[in-house]
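# Analysis of the macromolecular model
Below are the chains, spelled out letter by letter.
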Amino acid sequence: MVIKMVKIQYEKKEKILRNAFGTKTFTFEDAENVLLEHIKDGAPGTKDVIYRLKKEGKIKVSSDPKDKRRKFYTFISDDTQFEHNMRLLHSCCDLLRSSLSASIYPNILLACLYVKIHSEINGNNFKNFTCENVEDTRKKIINYLKNTLESNPKLNFTLNYEELYSLLGQLEPSKLNELLNKLDEIKITPGISKENKEFLNIIFDYLQNFGGEYRSPYELGLLISEIMKIENNSKILDPACGVGNILCATVEYAKLKYGKTEEVCIFGQDINSKVVFNAAFNVLTLGIENYRLCAGDSVIGKNLQKCDYVITCPPWGLRGYYDRIDTIPMDIYPYGLSRGVSDWLWVQLARYFAEKKAAIILPTSVLFRGGSEGEIRKKIVEEDIIEYVIQLPQNIFENTTISSIILILNKNKPKDRKNKILFVNASMEYVEDPKIRRLKKLGESNIKNIVKICKEYQDVKNKSKVVSLDEIAKNDYNMIMDLYVPIIEEESVDVKTLYKEYLKLEKSEKEVISRLLPKIEKILQFGDSNE
């Protein structure tokens, strides 16, 4: 209670100072006078406020050229701090790149950042990790990371700490100290914010570009959460969580919808411990508290428990599961395993562990493949648990141009939706990615449009169709979108751009004519004189 009151008083004083000075420079005396004017009961506590503002990176400090003891302070706006963080992050990567291989340095960066953010959340000063002896510095960082991860009951995975220690040793002492100094300047306030999500995007870009895990678009998690209407106090499972983007998005949805009463708990598992560490960094930075992350083989059901919802974007096109049939619990897969590509294995796994609804993001080819995959698809359709098939825009994943769909299962379909599936063609619902030219993204308006179509559950020309299971059976359980909602890609025409191009061409044509005309006239005159 006392800590909460102190925090409230600090936030009140910060607000007073921000309102008084904005982005103007001020001194300690200026701050003291302003606080004395507004706080009538007790001392203003200016020294403590200034100290905390500096520690949280909310003010910039400079010295008086004439008197180094005299300090000037300026509030840093969120945008400025974010840009400052980005510059420091890129600078850290440049520093590491010069000493470590491209496949290694992002993991070192992530480990050090995790230590920094976690230690500061718990009231420690990151500067204290820098020791006179570089060996002590390395030990301090790795020991803190190891103790923090292994003592956290919400985490169940193991990193190769000896390898991380060895990799830190490849950095020259001066460069390690420089790295830690740069990281110390980065100021992150954990929480779900636009700035933190962008910060994570940059980090995962580095990991991805150099052999790391590809991540699912964060927006897909928001879209699925909206369509499924995730309820408060729910448990959500992702058995192939990767860096945890989809799970984190479900928490954001719940926080926006339920506010302070939000009590959603997320469970994520991946077979790769390094990837689970990435997910742990994700939840730490976004300030998510109700979670459990494990490393394990989800296909055999290890560590998994039944949850209200299952949402996953599993690895596509994997084979060989049939060869492991003796080790796989077949009660999870009542419709059998495919001898070839096993994408429908993940649908069965989601079906088994979801108490209410499940969403699985898969390649479009799962809708029409034959053989054992086709037989499994037929049985799941006949079970009447598929509520939606949603065709996504092409090129929304960074690592593939393969078109994708979302299958949404509902174990309690409303009566008016029994024996039906809504096919939604959302292939044209996208905005261009501002950074990567070929990529598409789901914008806010796109998500709203798709959610509206799903909610209304009716035929909309070129966008959706309610299809009976009988019709699907007549098509030999082929569920490709073209059969039900033809995909019509209309070429978008920017009239203004075309008109500008026309004017350029017209101007160019006039310039050519003006240059050639005198020459033509001379030729004609010369011809006339020879006649």
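Preceding this section is the structure that the text describes.
Report follows, based on the coordinates. Model, not experiment: these values are computed from the prediction. (Residues numbered from 1 in each chain as written. Predicted model: local features only at pLDDT ≥ 70, side-chain atom pairs only at ≥ 80, totals over all residues. Heavy atoms only, no water.)

### Digging into the overall build of the protein chain
Scanning the protein chain from N- to C-terminus turns up 17 helices and 14 strands. For the protein chain, buried positions account for 47% of its 531 residues. Here the analysis covers contacts within the protein chain between residues at least 6 apart in sequence; of these, 72% occur between residues at least 24 apart. As presented, the protein chain carries roughly 27800 Å² of accessible surface, and 50% of it is formed by carbon and sulfur atoms. (Helix = DSSP H or I, 4+ residues; strand = E, 2+ residues; numbered from the N terminus. Buried < 20%, exposed > 50% of the residue type's maximum accessible area, 1.4 Å probe, protein only. Contact = heavy atoms within 4.5 Å. Areas by Shrake-Rupley, 256 points an atom, 1.4 Å probe, with all protein chains shown as cover.)

### Looking at the sheet that holds strand β5 (residues 265-270)
Strands sit in the order β3-β6-β5-β4-β7-β8-β10-β9-β11-β14 across an open sheet of ten strands; the sheet is mixed. Looking at which strands have only one partner, the edges of the open sheet turn out to be β3 (155-156) and β14 (464-468). Where strand β4 (residues 235-238) and strand β7 (residues 307-312) come together, two bridges link them in parallel fashion. Paired with leucine 237 across the bridge in β7 is valine 310. In this fold helix α10 (residues 218-228) packs onto β7, β8 (354-363), β9 (386-391) and β10 (404-410), with an angle of close to 140° to the strand it touches most, β8. (Pairing = 2+ DSSP bridges. Axes fitted to C-alpha atoms, helices over the stretch in contact; angles between N-to-C directions.)

### Overview of the pattern of salt bridges
A complete count under the given rule lists 26 salt bridges for this structure. The salt bridge partner of glutamate 383 is arginine 351, with a shortest N-O separation of 3.0 Å. Highlighted residues: glutamate 383 in helix α14 (residues 371-383) and arginine 351 in helix α13 (residues 343-353), separated in sequence by 32 residues. Here arginine 351 falls in the buried class, since its relative accessible area comes to 16%. Arginine 369 serves as the salt-bridge partner of glutamate 373, at 2.8 Å between the closest nitrogen and oxygen. Pair check on accessibility: glutamate 373 and arginine 369 agree, each one buried. (Salt bridge = Lys/Arg side-chain N within 4 Å of Asp/Glu carboxyl O.)

### Quick word on the packing of α13 against α14
When two helices pack together, their arrangement is captured by the angle between the axes and the distance separating the axes. Running from N to C, α13 and α14 point in directions that differ by 30°, and their axes come no closer than 9 Å. Classified by the angle their axes make, α13 and α14 are roughly parallel. For the element pair α13 and α14, the recorded crossing hand is left-handed. From α13, Asp343, Trp344, Val347, Gln348 and Arg351 reach across to α14, where they touch Glu373, Ile376, Arg377, Ile380 and Glu383. In the contact of α13 with α14, the residues fall into four nonpolar, one polar and five charged. (Parallel < 35°, antiparallel > 145°, perpendicular 65-115°, else oblique. Left-handed = near helix turned anticlockwise from the far one by under 90°. Nonpolar A, V, L, I, M, F, W, Y, C, P; charged D, E, K, R; others polar.)

### Regarding the side chain of threonine 148
Summarising the element assignment, threonine 148 is placed in helix α6 (residues 134-150). Using a relative accessible area of 10% as the deciding quantity, one classes threonine 148 as buried. A distance of 2.7 Å separates a polar atom in the side chain of threonine 148 from the backbone oxygen of tyrosine 144. (Polar contact = N/O pair within 3.5 Å; in protein donor to acceptor, adjacent residues only side chain to side chain.)

### Some details on the packing of helix α2 (residues 28-38) against helix α3 (residues 46-55)
Running from amino to carboxyl end, α2 crosses α3 at an angle of 120°, the nearest separation of the two axes being 10 Å. On the basis of their axis angle, the class for α2 and α3 is oblique. For the pair α2 and α3, the crossing hand works out as right-handed. Touching Phe28, Ala31, Glu32 and Leu35 of α2 are Thr46, Lys47 and Ile50, all from α3. Residue classes in the contact of α2 with α3 are distributed as four nonpolar, one polar and two charged.

### Some words on the pairing of β8
Burial runs high along β8: eight of the ten residues are buried. Traced from β7 through α13 to β8, the parallel crossover comes out right-handed. Pairing analysis gives seven bridges linking β8 to β10, with the strands arranged antiparallel. Bridge pairing in β10 links lysine 357 to asparagine 410. (Right-handed = clockwise from strand over helix to strand, strands pointing away.)

### Brief notes about helix α11 (residues 245-258)
The terminal C-alpha atoms of α11 lie 20 Å apart, and with 14 residues this matches the ideal 20 Å at 1.5 Å per residue to within 8%. Among the 14 residues of α11, ten are classified as buried, and the element is accordingly described as predominantly covered. Among the residues making up α11, those that are buried are Asn245, Ile246, Leu247, Cys248, Ala249, Thr250, Val251, Glu252, Tyr253 and Ala254. Looking at the residues trailing α11, positive phi occurs at glycine 259, about 60°. (Expected span 1.5 Å × (residues − 1).)

### As for unusual backbone geometry
Despite not being glycine, asparagine 233 shows a phi value in the positive range, around 60°. With respect to the element layout, asparagine 233 can be found in the loop between α10 and β4. In this model, asparagine 395 sits at a positive phi of 65°, which is unusual for a non-glycine residue. Here asparagine 395 lies in the loop between β9 and β10.

### Some words on the nonpolar core
Judged by nonpolar contacts, the single largest core of 100 residues is most densely connected at Leu145, Leu183, Leu223, Ile390 and Ile406. Looking at which element gives the most residues to this core, the answer is helix α5 (residues 105-121), with ten residues. Excluding its chain neighbours within four sequence positions, the residues that come into contact with leucine 183 are Cys92, Leu109, Cys112, Leu113, Lys116 and Phe126. Membership of the second largest hydrophobic core comes to 44 residues, among which are Phe267, Val310, Tyr333 and Ile376. (Core = buried A, V, L, I, M, F, W, Y, C linked by side-chain atoms within 4.5 Å.)

### Section: the packing of aromatic side chains
Applying the stated rule across the entire model yields eleven aromatic pairs. Geometrically, the ring pair formed by phenylalanine 157 and phenylalanine 277 is tilted, given 6.5 Å between the ring centres and 50° between the ring planes. On the criterion of sequence distance, the pair formed by phenylalanine 157 in the loop between β3 and α7 (161-169) and phenylalanine 277 in helix α12 (residues 273-285) is long-range, its members being 120 residues apart. The two residues phenylalanine 157 and phenylalanine 277 agree in class, both being buried. Members of the aromatic cluster, joined through ring pairs, are Phe21, Phe26, Tyr73 and Phe75. The ring of tyrosine 165 carries arginine 138 above its face, with NZ or CZ at 4.0 Å from the centroid. The aromatic ring of tyrosine 430 is capped on one face by lysine 440, whose charged end is 5.3 Å from the ring centroid. (Phe/Tyr/Trp six-rings, centres within 6.5 Å; stacked < 30°, edge-to-face > 60°. Lys NZ or Arg CZ within 6 Å of the ring centre and 35° of its normal.)

### Quick notes on the pairing of β7
Among the six residues that make up β7, six are buried, leaving the element largely enclosed by the rest of the structure. Both β7 and β8 contribute to a ladder of five bridges, which runs parallel. Bridge pairing in β8 links tyrosine 309 to lysine 357.

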